[in-house]
Amino acid sequence: MAKTGRKISGFLWAMLLAIISFFIIFIFFPDVSNKFFGVSLKEPAKIGETVKDAVESTTQTVTDKVTDAIVDNITNKLK
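From a predicted model like this one, the values you see are computed outputs, not experimental measurements.

## Concerning the overall build of the chain
The number of helices and strands found in the chain is 3 helices and 0 strands. Helices (α) and strands (β) of the chain occur, in sequence order from the N terminus, as α-α-α. Per-residue burial for the chain yields a buried fraction of 5% across its 79 residues. Of the accessible surface of the chain, which amounts to about 6900 Å², a share of 70% is contributed by carbon and sulfur atoms.

Structure (structure tokens):
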């Protein structure tokens, strides 16, 4: 069980390192960030557009899945 704890801990450290690295590159190297990540502090409108698109697509996907689940549930009860 101790090995599992170490693996999870190692994974969390790797995630923390990745997040910190992203923000360092995003804040201090906007050209590199724009080239590799597609967003940077130089283009705040693009960041807002990207976030807006992500929210809209996620909302649409969730709406579609919930609608399908409700329809399936109703049709199964009617059978």
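From this point, things continue past the structure.
## Describing the packing of aromatic side chains
A full pass over the atoms with the stated rule returns 3 aromatic pairs. Residues Phe22 and Phe23 carry aromatic rings whose centres are separated by 5.2 Å and whose planes lie at 75 degrees to one another, so their mutual orientation is edge-to-face. On the basis of relative accessible area, Phe22 is assigned to the partly exposed category, the value being 28%. Ring centres 5.7 Å apart and planes at 20 degrees place the aromatic pair Phe22 and Phe26 in the stacked group. Here Phe22 pairs with Phe26, and both are found in helix H1 (residues 2–28), just 4 residues apart, close to one helical turn. Within the aromatic cluster, the residues linked to one another by ring pairs are Phe22, Phe23, Phe26 and Phe37.

## Re the confidence of the model for the chain
Averaged over the chain, the pLDDT score is 82; the fraction of residues at 70 or greater is 86%. Highest mean pLDDT in the chain belongs to helix H3 (residues 44–78) (85); lowest belongs to H1 (80).

## Notes on the environment of Lys46
The topology assignment puts Lys46 in helix H3. Here Lys46 is in contact with Asn34 and Gly38, once residues within four sequence places are set aside.

## A word on the side chain of Ser33
Locating Ser33 in the fold gives a position in helix H2 (residues 30–37). Apart from the residues lying within four places of it in its own chain, the contact partners of Ser33 are Ile25, Phe26, Gly38, Val39 and Ser40.

Conventions used here
Going along each chain's sequence as written, the residues are numbered from 1 onward. Restriction of local features to residues with pLDDT of at least 70 applies here, the model being predicted, together with a cutoff of 80 or more for giving and counting side-chain atom pairs; totals for whole chains, interfaces and linings are based on all residues. Excluded from the side-chain calculation are hydrogens and water; included are all heavy atoms of the structure. Strands are runs of DSSP state E lasting at least two residues, helices are runs of H or I lasting at least four, and both sets are numbered from the N terminus onward. Relative accessibility thresholds used throughout: buried, under 20% of the residue-type maximum; exposed, over 50%; partly exposed, between the two (1.4 Å probe, protein chains only). With residues, only the protein chains shown are counted as cover, and all accessible areas are computed by Shrake-Rupley using a 1.4 Å probe. Two rings belonging to Phe, Tyr or Trp (six-membered ring only in the last case) form a pair when the distance between their centres is within 6.5 Å. Interplanar angles under 30 degrees mark stacking, angles over 60 mark edge-to-face geometry, and anything in between is tilted. For every residue, the pLDDT score states the predictor's confidence, bounded by 0 at the bottom and 100 at the top. Any two residues whose heavy atoms approach within 4.5 Å at even a single point are treated as in contact.

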